[in-house]
Amino acid sequence: MFRIGCLVKPVPDTVEAVYDSKEHVLVRNRGPQLINPADATALSIALEYARKNPGVTVETVTMAPRSALPHLEDLIRRGADRAVLICDPLFAGSDTYVTSRIIARCLQRRRYSLILSGMSTLDGGTAHVPAQIACMLDLPHLSGITALAITKETAEAEVRTEQEILTFEAELPALLGIAYSAAQKLPYIPFEAVTRDVSGSMEIITNRELGFSAEETGSRGSLTRVSWAREYRCNRQDIMQVSSDEEGVRQVLSFLSEKGFIRP
Amino acid sequence: MKRIAIFLEEGTREELDALLCAAQKLLRGEKGTISAAVISSGEDEAAGNVSGKVDTLLLLDPDRYHIWDTAAVAAAVARNAQEHRFDAILFPSGTFSRMTAPITAARLHAGLVAEVTDIRDEDGTIELVRPALSGRMFAGIICRPDRPLMMSIRTDAFSCPPTEAVPCRTVRSSLEPDAGIRSGIRLGERGI
């Protein structure tokens, strides 16, 4: 059986997110949430491969509060075969290292031929978790993938650096980090599936199944902690208009170079 | 904070200067040592850029190590860190260092802070400043003090006056890729 695991994280809408400045955590069960866009790209790749290859199954794995359940139910309605939610009060406040340990231990419970993930998330944006899970599970790892072709034993992946485009072959099983692509979208929920009861395809994993001690998880087990966090307010800048000619191009390039977006 | 290691992905002067600037901020004017690790034969531009700017230059054999083989590179960096007991390990936020850094941190069971844009000393405690929520917020992060301080830095955020040249000891690494590390990644084509 070819089973694809997709790490999926509901993330706060970056505009409407609620931050608890006292506890230094995002309040994940308040405010609008969306599926992390890069994770959605990864999942859509998996679903597309499963559609074309009978016998391939796709499971999503998520570590989040229970408020994530409706999002995961919708992913099943969009074509995922199963959704696993890792949820326990003990896990709240975990940094990326502890989060990686928790998810890795959950993934070890099933045999996956391939694990896909978004390369980073909108909220933290560290890109730590896929790499650390791969290390903990001793899986080949590559991230920043912009194109992926999957076979039963290997995956061919394209990665773009600032200077070149590289193609790699990864032996499976592997854990691969996918870059967000606006062109790769999740399928719509079919009309007949909108109200379908998918609870039988959901599983909630708590610490009872994973067996961590309190000292290993949450803020107590974390190796980093947030000391402070502040919102960053942009100051209104004067608008600079450029013409669509050589001079305008020169001005834009100069601006991008000065701000560090491109090399001089 | 006495012993600092930096890892170079591209070995360019800009990357090196940014990492050295961050390292100097960590030293806070105290005397310390800076070691650099780079995949290089010693005859290329990367080695030339580094020589004279750090106390020790560790060359990882390019016939054995490849920047995209992040598992093997991370294992080597981690072993080097354990041997020399670095207080801090700095990476650039490059395409492959974004993978190498967290794998190294996992091996060392150390906290890692990504995309650091500033380093602050708050009454003796080092705070690493980074953006969050897609740049809507900035946060100060503290790492556990009983482990190496690890970070990846946004190289464009660090700029310092040049420092004096120092005697540099070049070491060709005898670290063989760990036979127990399964890479499973092979390079295919390169294009533009």
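Here is a short report on the structure shown in this document. Along each chain, the written sequence defines residue order, and numbers are assigned to residues from 1. Chain letters and ligand numbers both follow the written order, the letters beginning at A and the numbers at 1. Restriction of local features to residues with pLDDT of at least 70 applies here, the model being predicted, together with a cutoff of 80 or more for giving and counting side-chain atom pairs; totals for whole chains, interfaces and linings are based on all residues. Where side-chain values are given, they derive from all heavy atoms of the structure, hydrogens and water being excluded.

**Re empty space enclosed by the protein**
Line of reasoning, step 1. Grid points spaced at 1 Å and placed over the protein atoms alone form the basis of the search, with a cavity being a set where a 1.4 Å probe fits but cannot get out and a pocket an open set showing protein on both sides within 12 Å along at least five of seven lines. Lining residues have an atom within 4 Å of a point. Grid points are joined across faces, edges and corners, and a volume is the space filled by probe spheres set on the points. What the rule picks out here adds up to one cavity of 30 Å³ or more.
Line of reasoning, step 2. One number sums up the size of the largest cavity: a volume of about 40 Å³.
Line of reasoning, step 3. Lining of the largest cavity is provided by Asp95(A), Thr96(A), Tyr97(A), His128(A), Gln132(A), Thr224(A), Ala110(B), Gly111(B) and Leu112(B).
Line of reasoning, step 4. Residue polarity follows a fixed list, in which Ala, Val, Leu, Ile, Met, Phe, Trp, Tyr, Cys and Pro are nonpolar, Asp, Glu, Lys and Arg are charged, and the others, Gly among them, are polar. Split into classes, the residues belonging to the lining of the largest cavity amount to three nonpolar, five polar and one charged.

**Re the packing of helix α3 (residues 70-84) of chain B against helix α4 (residues 97-108) of chain B**
All names here are of chain B.
Line of reasoning, step 1. Structural elements are reduced to axes, namely lines fitted to C-alpha atoms, with helices fitted over the stretch in contact, and the angle between N-to-C directions of any two is expressed from 0 to 180 degrees. Where helices and strands are cited, they refer to DSSP runs of H or I of at least four residues and of E of at least two residues respectively, numbered from the N terminus. Orientation of α3 relative to α4, taken along the N-to-C sense of each, is 50°, at an axis distance of 8 Å. As far as their axial angle goes, α4 and α3 are oblique. As for how α3 packs across α4, the hand of that crossing is right-handed. Contact with α3, carried on its side by Thr 70, Ala 71, Val 73, Ala 74, Ala 75, Val 77, Ala 78, Ala 81 and Gln 82, involves Met 99, Thr 100, Ile 103, Thr 104, Arg 107 and Leu 108 of α4 and no other residues of that element. Angles are sorted into four bins: roughly parallel if under 35 degrees, roughly antiparallel if over 145, roughly perpendicular if 65 to 115, and oblique for all others. Note: crossing handedness is left-handed where the near helix turns anticlockwise from the far helix by less than a right angle, and right-handed where it turns clockwise. Residues count as neighbours in contact if any of their non-hydrogen atoms are within 4.5 Å of one another.

**A few points about the nonpolar core**
Residues and elements named next belong to chain A.
Line of reasoning, step 1. We define the nonpolar core as a collection of buried residues of types Ala, Val, Leu, Ile, Met, Phe, Trp, Tyr and Cys that are connected through side-chain atoms lying within 4.5 Å of one another. Only protein chains enter the accessibility calculation, which uses a 1.4 Å probe; a residue is then buried when its area is under 20% of its type maximum, exposed when over 50%, and partly exposed in between. The biggest cluster of nonpolar side chains holds 47 residues, and the ones touching the most others in it are Ile 4, Leu 116, Leu 142, Leu 148 and Leu 176.
Line of reasoning, step 2. For this core, the element with the highest residue contribution is helix α1 (residues 37-52), accounting for eight residues.
Line of reasoning, step 3. Excluding residues that lie within four positions of it along the chain, Leu 176 makes contacts with Leu 114, Ile 115, Leu 116, Ser 117, Leu 142, Ile 145, Leu 148, Ala 155 and Ala 170.

**A look at the pattern of salt bridges**
Line of reasoning, step 1. For salt bridges, the criterion is a side-chain nitrogen of Lys or Arg within 4 Å of an Asp or Glu carboxyl oxygen. In total, this model carries 26 salt bridges over all chains according to the counting rule given.
Line of reasoning, step 2. Where Arg190(B) meets Glu164(A), a salt bridge forms, and the shortest distance between an N and an O atom there is 2.9 Å. Of this pair, Arg190(B) sits in strand β11 (residues 185-191) while Glu164(A) sits in the loop between β10 (154-160) and β11 (165-171), placing the two residues on different chains.
Line of reasoning, step 3. Exposure remark for Arg190(B): the relative accessible area of 54% places this residue in the exposed category.
Line of reasoning, step 4. Taking relative accessible area as the criterion, Glu164(A) reaches 22% and is therefore assigned partly exposed.
Line of reasoning, step 5. Here the salt bridges do not stand alone but share partners, grouping Arg3(A), Glu59(A), Arg82(A), Arg109(A), Arg110(A) and Glu203(A) into one network.

**So, the side chain of Ser97(B)**
Line of reasoning, step 1. Mapped onto the secondary structure, Ser97(B) falls in helix α4.
Line of reasoning, step 2. Residues contacting Ser97(B), with those up to four places away along its chain left out, are Phe7(B), Glu9(B), Phe91(B), Pro92(B) and Pro102(B).

**Quick look at the sheet that holds strand β14 (residues 224-231) of chain A**
Line of reasoning, step 1. Two strands qualify as a pair provided DSSP detects at least 2 bridges between them. One open sheet accounts for four strands, arranged β14(A)-β8(B)-β7(B)-β6(B); its pairing is antiparallel. With one partner strand each, in any of the chains shown, β14 of chain A together with β6 (118-122) of chain B form the two edges of the open sheet. Sheet twist, expressed as the average angle between the axes of neighbouring strands with direction ignored, equals 30°.
Line of reasoning, step 2. When strand β7 (residues 125-132) of chain B meets strand β8 (residues 137-143) of chain B, the two strands line up antiparallel, connected through five bridges. Each bridged residue has a counterpart across the sheet, and for Ala132(B) the counterpart in β8(B) is Met137(B).

**Concerning the sheet that holds strand β13 (residues 202-205) of chain A**
Line of reasoning, step 1. As summarised here, the arrangement of the ten strands in space is β13(A)-β7(A)-β6(A)-β1(A)-β8(A)-β12(A)-β9(A)-β10(A)-β11(A)-β11(B), forming an open sheet in which the pairing is mixed. Sheet topology places β13 of chain A together with β11 of chain B at the edges, where each strand pairs with a single neighbour. For this sheet, the mean angle separating the axes of adjacent strands, direction not counted, is 35°.
Line of reasoning, step 2. Relative to strand β8 (residues 114-118) of chain A, strand β1 (residues 2-7) of chain A runs parallel, the two sharing four bridges. In the sheet register, Gly5(A) faces β8(A), and the bridge partner there is Ile115(A).

**Looking at the pairing of strand β3 (residues 56-60) of chain B**
Residues and elements named next belong to chain B.
Line of reasoning, step 1. The element β3 is extensively covered by neighbouring structure, given that five of its five residues are classed as buried.
Line of reasoning, step 2. Neither face of β3 is left uncovered, since the one carrying Thr 56, Leu 58 and Leu 60 and the one carrying Leu 57 and Leu 59 both have all their residues buried.
Line of reasoning, step 3. Relative to β3, strand β2 (residues 33-39) runs parallel, the two being bridged by five bridges. When the sheet's bridge partners are listed, Ile 39 is paired in β3 with Leu 60.
Line of reasoning, step 4. Read as a crossover between parallel neighbours, the route from β2 over helix α2 (residues 45-50) to β3 is right-handed.
Line of reasoning, step 5. With four bridges joining them, β3 and strand β10 (residues 169-172) adopt parallel strand pairing. By the bridge assignment for β10, Leu 57 is matched with Thr 170. When the strands point away from the viewer, a crossover counts as right-handed if the route from the first strand across the helix to the second turns clockwise.

**Quick look at the packing of aromatic side chains**
All names here are of chain B.
Line of reasoning, step 1. Pairing of aromatic rings covers Phe, Tyr and Trp, the last counted by its six-membered ring, and requires centre-to-centre distances within 6.5 Å; plane angles under 30 degrees mean stacked, over 60 mean edge-to-face, and any other angle means tilted. One pass over the structure, following the stated rule, counts five aromatic pairs over all chains.
Line of reasoning, step 2. Consider the rings of Phe 7 and Phe 91, whose centres lie 5.6 Å apart with planes at 45°: the pair is tilted. With Phe 7 in strand β1 (residues 3-7) and Phe 91 in strand β4 (residues 88-92), the pair connects residues that are 84 residues apart, well separated along the chain. There is no split in this pair, since Phe 7 and Phe 91 are both buried.

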